[in-house]
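Take a look at the letters that make up each chain.
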Amino acid sequence: MDLVVTRFDHPDARKLNDAVQAEYAERYDSDGDITPLAPEMFEPPHGVYLLAYDPLGRPVATGGWRAQRAGEEGYLDGDAEIKRMYVVPEARGLGLARLILGRLEEDARAAGRTRMVLETGIAQPEAMNLYASSGYLMLPRERHFGVYRHEPSSRCYSKPL
């Protein structure tokens, strides 16, 4: 697999973003993730966006991080928030999510971030298992962050860098 840094608005990134949004909509019976995201949020050194390509050049996985600061949404100074981790169904089970997660952690650490954070939900048990098995701890409800911090199905995780 070829893992490349790209922009969040690259055509292949948009294609996979549309796919993950459709999956969120189906799993949560919703319109998808309403978290506001913009390409500049993922520009180094304040973030990065990755795409994985299979040997035939097809985009098969994605993920990014963006810098966060303390504020009303519950983030802390030094946070790097993971967004849009996704692997297309036909490429699942190959270790791509773990590969991308590791690269995101390395990049955020090199950029001076001190903690990785992410929000997922109970309709994504495979994501919850990935993060737990990668050293992330589920935060208590009163320490949740982000757009979905008050949603009962939301689960927030963190890991010191």
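Procedures and definitions
- Residues numbered from 1 in each chain as written.
- Predicted model: local features only at pLDDT ≥ 70, side-chain atom pairs only at ≥ 80, totals over all residues.
- Heavy atoms only, no water.
- Salt bridge = Lys/Arg side-chain N within 4 Å of Asp/Glu carboxyl O.
- Helix = DSSP H or I, 4+ residues; strand = E, 2+ residues; numbered from the N terminus.
- Buried < 20%, exposed > 50% of the residue type's maximum accessible area, 1.4 Å probe, protein only.
- Polar contact = N/O pair within 3.5 Å; in protein donor to acceptor, adjacent residues only side chain to side chain.
- Contact = heavy atoms within 4.5 Å.
- Pairing = 2+ DSSP bridges.

Engineer: Which residues make up the pattern of salt bridges, and what values go with them?
Structural biologist: Considering all chains together, one arrives at 11 salt bridges under this definition. Taking the shortest distance from any N to any O, the salt bridge between E81 and R66 comes out at 2.9 Å. Here R66 lies in strand 3 (residues 59-68) and E81 lies in strand 4 (residues 79-87), a separation of 15 residues in the sequence. Given a relative accessible area of 2%, E81 falls into the buried group. We note a salt bridge from K159 to E105, for which the minimum N-O separation is 3.3 Å. Residue K159 is located in strand 7 (residues 154-160), and its partner E105 is located in helix 2 (residues 96-110); the two are separated by 54 residues in the primary sequence.

Engineer: How would you summarise the side chain of H144 if you had to cite specific residues and measurements?
Structural biologist: Turning to its location among the elements, H144 is positioned in the loop between strand 6 (137-138) and strand 7. Of the polar contacts made by the side chain of H144, one reaches the backbone oxygen of L139; its length is 3.4 Å. Beyond its immediate sequence surroundings of up to four residues, H144 is in contact with E73, G74, L139, R149, S154, R155 and C156.

Engineer: So what about the pairing of strand 7? Which residues, and what values?
Structural biologist: Taking burial as the measure, the 7 residues of strand 7 include 5 buried ones, the bulk of the element. Bridge analysis of strand 5 (residues 115-121) against strand 7 gives 7 bridges, and the strand direction is antiparallel. Bridge pairing links T120 to R155 in strand 7. In this structure, strand 6 lies alongside strand 7, joined through 2 bridges in antiparallel fashion. For L137, the partnering residue across the bridge sits in strand 7 and is S158.

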